[in-house]
Each structure stands twice: as structure tokens, then as C-alpha cells.
Amino acid sequence: MIRFLAKRLGQAIVVILLVTVIVFLLLHSVPGGPARGILGPQASPQAIAAFNHEHGFDKSLVQQYWAFLSRLLHGDLGDSYTLNQSVGSLIGQRLPKTLVLTGLSTLVALVIAIPLGVWQGRRRRGLTDYTVTTLVFVGYATPVFFLALILVIVFTEKIPILPPQAPQAQTLGALFADSRALILPVLAGAIATVAAFSRYMRSAVLDNLAEDYVRTARAKGASERRVVWLHIMRNSLTPIIAMLGYYLPVLFSGALVIESVFNYPGMGLLFWNAAQTSDYPILLGTVLVIALATVIGSLLADIVQALVDPRVRGSIR
Amino acid sequence: MTVSAPLMTEQAPATTAAGPYRRMVRMFLANRLAVTGLVILGLLLVFCFIGPLIHHTDQVHTQLADATLSPGTRGHLLGTDDVGRDVLGRLMVGGQTSLEIGIAAGLLATLIGTVWGAISGYAGGWIDAVMMRVVDAGIAIPALFLLLVTATILRPTVPVQILIIGCVSWLVPARLVRAEALSLRSRDYVQAMKAMGGGHGRAVFRHVIPNAIGTVVVNATFQVADAILLIAYVSFLGLGVAPPKTDWGGMLSKGISYTSEGYWWLIFPAGLAIVLVVCAFNCIGDGLRDAFEVRLQGR
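Residues numbered from 1 in each chain as written. Chains lettered and ligands numbered in written order. Predicted model: local features only at pLDDT ≥ 70, side-chain atom pairs only at ≥ 80, totals over all residues. Heavy atoms only, no water.

K.L.:
Is there a simple way to explain the side chain of D128(B) in this structure?
P.N.:
All names here are of chain B. Relative to the elements of secondary structure, D128 occurs in helix α5 (residues 125-140). A distance of 2.5 Å separates a polar atom in the side chain of D128 from a polar atom in the side chain of S120. Within polar-contact distance, the side chain of D128 engages the side chain of R178 at 2.7 Å. Among all residues touching D128, those that are not within four sequence positions of it are S120, G121 and R178. (Helix = DSSP H or I, 4+ residues; strand = E, 2+ residues; numbered from the N terminus. Polar contact = N/O pair within 3.5 Å; in protein donor to acceptor, adjacent residues only side chain to side chain. Contact = heavy atoms within 4.5 Å.)

As C-alpha cells, this is what we get:
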């Protein structure tokens, strides 16, 4: 177990280093470089040269990368070109809100998808399985923004019961205080992921149905309900845990779209606005934070899987 | 790393009298969902590429006098958009962009991923470790975020978007093909070929990749579906191809400003077109998966 942990941790660190290299190279391919971004398009070549010298941008790539990395290790993500604030503090304000949005919609999605997948796996090849499979296919093919638009049209225009805009609160407490406005963004995120989650659950249940322990449990005389909801469901959850860790990039992409549709003041909206104004420190700072979250997420998923699943634990020794 | 591995099974030998190809075609045609997908895709291709030859519209100039006419107005079956362009004609032209970028980018991604994965899995050892960490790093950065960053650096024309989407979405096929290559490299026929003096290049391109072709083809269809969605997202977020060119995501992005006016024809046709084409590709992929026996048959 210790060896597995050390190896996985080492891999994660290498991956994070590679991500910083990618982000660093992207920052360098920005037209005009940071000098143009900060001094503006009117700056004279002399001013740019002076700026570059002052900030060490005239050194070799390797030296610059080293400086970039050591700034990152001190938690310095640079300053926004347009918002007159450090990227670190901007992301610090926005990240919790995005985590609330993705956390809530993932929770809702799991609550729907797990029973749905189990139920579908049990009724494989029946009419209901085909119907749900078709719905899942359509759900999987529907872009989140289209889904969000339909929700907006239905629940704010046709049946005006919900506000079309997400809560614009500064603090998390105020965010929850305006919980009615949270419903549509959370729902849009949840429906978008139910399709994938229930598909995973269905196939995990199908795998488990063929296992010997199911036959044993049935032979023992355990009720079908007990076999399905206790034995099979518990064992089918492991792949879902593993998948959640790897699903983080998808969830963040979904948040980006949902936040821009509902004007939800999270990290996705920050990123989107930065893309409109070419605010590269924010863009790349966000990419870095999300990549970090994904690497840590998949690391945790592997560890949790090793802890809960004796088969996985056995195979990593 | 374990996400896709359990889904793969080794290819069972297909040795029936009818021959493997006819058997595959039969398996595919027996899958009603897959055939439906193929038919839908065919119809959409005809609609987008042949349609404009029959339904002539001006998609370049704006006619503000004809703005937001409702569907059914003479000559405009689906109405007109906010600057007076015919929506039906725009749907065809936009579809061309979506399909061209989606298909080309999906194929490019599959190509890069296949070569990368095959070399990585075949080489093994530290080369494999390094190549797969690069894949891990790429997967950690969501493609949509990377695409938006590059769209602000480069002017998003069609070839640029194909190139960028291809370059950010090859990671999943790379992992899948690597898993195949790991098991294929120790097969007897690969060993025999090497004993006869064959090089590594020959092993990878003549033996590993052709034997992993099922995985590659199945994944390619899913890649195209994902690429079409990705391009729709980028356009919806306002960083797609520049006007007067458009694509389905871009059409929706303009429609969003008119939700409260009730101009549904600016939203639903383009949205449904995306859903249809992505569904079609996913259904075809599912059918191919059965035909190639990439996953357990009869699921």
C-alpha cells in the first residue's frame, strides 16, 4: 500500500510539473507577451524592452520557467491585466462558488443516476431499458448550453416560477440565502451528467450480476431486493468513485458553460470574461488550478478505490 | 488510468464461414440503433451539403427589413434571424462548418492518439511511463479551457480550429490504443516478425495498429461526436469562426439574446441539429463496437 501510494504520488507530481510546463509555454506564445498585456498596445519598443528586462523576460526560457515555478510555489499566480487584482485572490473568491455549484449538481446527478443505473441493469433489454437508454443517448448528446436554454425558456418564460439569473451574492452564505435562483444552474449541471453516470452504473451492475457472489447470495436464499440493493449496488459503486475523480475536467467544463449562461459569479465566469478581454494571467491561472484539482481528484479516487475495494487492494501489492 | 481499461476485452477470433467482414456488417446492420444513426447522419450530410444547391439563400449580406420573420413566412420555412438571413439556409451552411470541423478534428485526434498510444504501449518501460504522463497532464487540463485560451491567441479559422481540437482531444484514444498495444506487443506473430529482423517501426505500424483497428475505428466515431460538441461549445461561448461564417453552436449563441422575445426558431433548430448529429455518431459507434466485438457482445 505504501509503495502504491508513493508511486501514485510521484506520478501526480510529475503530471503537475508537466502541466506547469504547458501553461508556461502557452503564456509565452501570447502575442506580444506579458509586456503588451500590462503596458497596453500603445507601448513603445523601448518601454517593452525595459519592462522585459526588469521582469526577467529577456532571460533564457529555462531560467524564466524556473522563476515562474518558484513564484507558483509561493502561491503567486501573477496579476490580472484588467481587474487590478492578483489572480490568486480572484480565484480564491470564485473557486468556492464553483465548487458549490458543481458539488450540488454532482450530488443531485448521483442521487438520480445510481438508482436509475441499477434499475436499468436489472431490466436489461426490456422496453424500459431501451426507453431509458434512448433518453440517456439524447441526454448525452445535448450540449449543456442548449439544456440550460430549454430550462430557462420553460421555467422562466412559459411557467415563470424561477429566476433566470443565478444569485449574484458575494459570500457563500448569501448564495444559499437566494437558493431559488440556484435551482436552474444546479439542475442544468445535474441533467447533463446523469446520462454518463447512469450509463457507468448500468454497465457496472451488469458486470456484477454475472459474478459468483451474486449466485451464492441467491443460493443462500437472500431476497432479490437484498441481493440487488445491498450486494450489487455496493460493489458497483467502486467504478463510479473511480470515474468521479477522472470526471472533474468534464464537471469544470460544464460549470464554465452553465456559469456563462446563468451569469453565476464563479470561476467559469471569471475565465469566460478573461477570454473576452484576453486577460492571460487569469486564463492560465484558472487552467493551472483546475489541472491541479483534477490531478488531486484522480489521486484521491485511486486511493479511495484501493481502500474500499479489496480486489483493487490485492492487485496493487 | 483505469477508466477505460475494464471496458476492453481482447478481440475474439472471428472465424465463421461468411468471413469476418460480412459478419461484422451483419452485426452492425442487426443493431437497429446503429442503422438509425447511419440514416440520420446520411440525411444530415445531404441536408447540409446538397441542400444549399436547392434552397438558395444569401448568407453573407444582411437584410434588416426582413429581420426575425417568423417561420412559415413566404420563402422562409424556418423564418429569419436577427439580421434577416434565412434560418433554414443558415442551418445548412452552419452545419457544413460544424461537420467539417468535427469530422476532420475527430479523425486527426484519433490519428495522433493511435500513433502515440501504439508507440507508448509497444515500447513499454520508461518511454511508456514518460509518454503516458504527458497524456495524464493533457487530460488534467479540460479541452474546453485550453481551446478558449488558444482561441484568444490565434484567429479561429476552420483549419486552425481543426488543428487545435485535434491536438487537444487525442488523449483518450492514446490511452485506449496503449492498453491494446501492451497486450499485442508480446504476441507470437510480433515476436516472430522481430526474430526475422523486422524493425520497431514495422512492428508498430504493420502489426500493433492494424490489430487494434477495432478500438481505433469505434473510438474515432466517438471522437467525432465529441469534437462536434466541443466546437459547438467554443462557438456558443463566442470564440468560434468569424462571421459571416457560422456553425450550429454560434447560431445558438446569437439566439440566446432572444429567449425572452419568444423567437424559438433562433434556438431550437440549431440545438436539435447538434443533438441529432451527436446522437447519430454515438449510435454508429455503439453499433461498430458490437460489430468489432470491442466490448462483450450482447450487452
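Once the structure has been displayed, the description carries forward.
K.L.:
Would you explain unusual backbone geometry in this entry?
P.N.:
Most peptide bonds are trans, and most residues other than glycine sit at a negative phi. All names here are of chain A. Phi at N263 takes a positive value of approximately 55°, unusual for a residue other than glycine. Mapped onto the fold, N263 is located in the loop between α11 (224-262) and α12 (267-277). Looking at N263, the relative accessible area reads 30%, which means it is partly exposed. (Buried < 20%, exposed > 50% of the residue type's maximum accessible area, 1.4 Å probe, protein only.)

K.L.:
I keep staring at the interface of chain A and chain B and nothing clicks. Help me out?
P.N.:
How big an interface is tends to be stated in terms of accessible area lost as the parts join. Taken together, the contacts link 53 residues of chain A with 46 residues of chain B. Summed over both sides, the interface between chain A and chain B buries roughly 4,500 Å², with carbon and sulfur atoms accounting for 76% of that surface. Contact with chain B buries surface across chain A, with F137(A), F145(A) and F146(A) losing the most and accounting together for 15% of the total. Taken together, the connections running from chain A to chain B amount to 0 salt bridges. Between the two partners, chain A and chain B, sit 5 residue pairs in polar contact (both at pLDDT 80 or more). Elements represented by at least two residues in the side of chain A that touches chain B include exactly α1 (2-29), α6 (127-141), α7 (144-158), α9 (179-209), α11, α12 and α13 (280-308) of chain A. No other element matches the 10 residues that α13(A) contributes to the side of chain A that touches chain B. Grouping the amino acids of the side of chain A that touches chain B by side-chain chemistry returns 37 nonpolar, 11 polar and 5 charged. (Buried area = accessible area lost by both parts, 1.4 Å probe. Salt bridge = Lys/Arg side-chain N within 4 Å of Asp/Glu carboxyl O. Nonpolar A, V, L, I, M, F, W, Y, C, P; charged D, E, K, R; others polar.)

K.L.:
Sorry if this is basic, but what is going on with the packing of helix α4 (residues 87-123) of chain B against helix α8 (residues 171-184) of chain B here?
P.N.:
Geometry of a packed helix pair, given as the angle between the helix axes and the separation of the axes. All names here are of chain B. Where α4 meets α8, the closest approach of the two axes is 7 Å, and the angle between their N-to-C directions is 35°. As α4 packs across α8, the resulting crossing turns out to be right-handed. Facing A109, T110, G113, T114, W116, G117, A118, S120, G121 and Y122 of α4, the residues of α8 in contact are P173, A174, V177, R178, A181 and L182. In terms of residue class, the contact of α4 with α8 is built from 9 nonpolar, 6 polar and 1 charged. (Axes fitted to C-alpha atoms, helices over the stretch in contact; angles between N-to-C directions. Left-handed = near helix turned anticlockwise from the far one by under 90°.)

K.L.:
What should I look at first to understand the packing of aromatic side chains in this one?
P.N.:
How two aromatic rings sit relative to each other is set out by the distance from centre to centre and by the angle between their planes. For the structure shown, the criterion picks out 9 aromatic pairs over all chains. Each residue in the set F24(A), Y65(A) and F68(A) is aromatic and connected to the rest through ring pairs, giving one cluster. (Phe/Tyr/Trp six-rings, centres within 6.5 Å; stacked < 30°, edge-to-face > 60°.)

Limitation: the analysis is restricted to geometry and does not speak to function.
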